[in-house]
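Overview (structure and organization)
Now for the letters of each chain:
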Amino acid sequence: LFEDGALALLVVSIGIVIYLALRFEWRFAVGAIFATAHDIFIVLGLWSLFQWEFSLTVLAAVLAILGYSVNDTVVVFDRIRENFRKTRMTDVAAIMDNAKTATLSRTVITSGTTLLMVLAMLFLGGEVLWGFALALALGIVVGTYSSVLVASPIVMWLGVSREDFIKPVKAASDDGAQV
């Protein structure tokens, strides 16, 4: 089951890259995968550091973290894409900062309410849910800041620009037909 879970993690990651590359652009896919890998590596690193038992429920939590983190990142990326299309500003950093600021309250509220539920599972769920809830709680905290502070700078570092989202204007020929 552990090998199947690791394979599921790989297949899901590849699916996420393909989806984001088609929906946004390849730079966004790379940024999202790096941010998601960051979240997973932090959780697994803490797991290794404290030598907690890694079970199938923890693997399930890691897969849930992957989905949760990508969802948060897609919300930020969607706002960035929207800002690129609707604003005339050309400063990429300012456009991304505006998008992150606009989505920050939504991200904090969503993550906060989810974290409250997971903390209830952690403290009241007993030994069976402890690993799952702890991994999920750590993943939610790490995923919240990585969606805002890790994914976007990577996309900016890869050189995304406003022109990547603006469709070229077709020039009119002499007879009035679009070329």
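Coordinates for the structure precede this section.
About the cut-offs
Residues numbered from 1 in each chain as written. Predicted model: local features only at pLDDT ≥ 70, side-chain atom pairs only at ≥ 80, totals over all residues. Heavy atoms only, no water. Helix = DSSP H or I, 4+ residues; strand = E, 2+ residues; numbered from the N terminus. Buried < 20%, exposed > 50% of the residue type's maximum accessible area, 1.4 Å probe, protein only. Contact = heavy atoms within 4.5 Å. Areas by Shrake-Rupley, 256 points an atom, 1.4 Å probe, with all protein chains shown as cover. Lys, Arg positive; Asp, Glu negative; His and termini not counted. Charge placed at Lys NZ, Arg CZ, Asp CG, Glu CD. Salt bridge = Lys/Arg side-chain N within 4 Å of Asp/Glu carboxyl O. Phe/Tyr/Trp six-rings, centres within 6.5 Å; stacked < 30°, edge-to-face > 60°. Axes fitted to C-alpha atoms, helices over the stretch in contact; angles between N-to-C directions. Parallel < 35°, antiparallel > 145°, perpendicular 65-115°, else oblique. Nonpolar A, V, L, I, M, F, W, Y, C, P; charged D, E, K, R; others polar.

**Comments concerning the overall build of the protein**
The secondary structure content of the protein amounts to 6 helices and 0 strands. Beginning at the N terminus, the succession of helices and strands in the protein can be written as α-α-α-α-α-α. The principal-axis extent of the C-alpha atoms belonging to the protein is close to 75 × 35 × 25 Å. Within the protein, the proportion of its 179 residues that are buried is 39%. Here the analysis covers contacts within the protein between residues at least 6 apart in sequence; of these, 75% occur between residues at least 24 apart. A total of about 10,200 Å² of accessible surface is found on the protein, and carbon and sulfur atoms cover 67% of it. Averaged over its 12 positive side-chain charges, the protein has a centre that lies 11 Å from the centre of its 15 negative ones.

**A look at the pattern of salt bridges**
Using the criterion set out here, one finds 6 salt bridges in the structure. One salt bridge in this structure joins Asp 72 and Arg 106, with 3.1 Å as the shortest N-O distance. Note that Asp 72 is positioned in helix H3 (residues 56-86) and Arg 106 in helix H4 (residues 92-124), a separation of 34 residues in sequence. Look at Arg 106 and you get partly exposed, because its relative accessible area is 29%. Three or more residues joined by partner-sharing salt bridges are found here, namely Arg 23, Asp 78 and Arg 81.

**Some remarks on the environment of Leu 9**
Here Leu 9 lies in helix H1 (residues 2-23). Through-space distance from the C-alpha of Leu 9 to that of Leu 66 is 8.4 Å; in sequence the pair is 57 residues apart. Those residues in contact with Leu 9 that sit more than four places away from it in its chain are Ile 40, Val 62, Leu 63 and Leu 66.

**Re the packing of aromatic side chains**
In total, this model carries 7 aromatic pairs according to the counting rule given. Consider the rings of Trp 52 and Trp 130, whose centres lie 5.7 Å apart with planes at 85°: the pair is edge-to-face. Taken together, the positions of Trp 52 in the loop between helix H2 (26-49) and H3 and Trp 130 in helix H5 (residues 127-149) put the pair 78 residues apart, joining distant regions of the chain. The partly exposed category is assigned to Trp 52, whose relative accessible area is 27%. A connected cluster of aromatic rings, assembled from ring pairs, spans Trp 47, Phe 50, Trp 52 and Trp 130.

**Looking at the packing of H1 against H3**
Any two packed helices are characterised by how steeply their axes cross, that is the angle between the axes, and by the distance between the axes. Closest axis-to-axis distance for the H1/H3 pair is 10 Å, and the angle between their directions is 5°. Relative to H3, the element H1 is oriented roughly parallel. Packed against H1, whose contacting residues are Phe 2, Gly 5, Ala 6, Ala 8, Leu 9, Val 12, Ser 13, Ile 16, Leu 20 and Arg 23, the element H3 presents Leu 56, Leu 59, Val 62, Leu 63, Leu 66, Val 70, Val 74, Asp 78 and Arg 81 at the interface. Split into classes, the residues belonging to the contact of H1 with H3 amount to 14 nonpolar, 2 polar and 3 charged.

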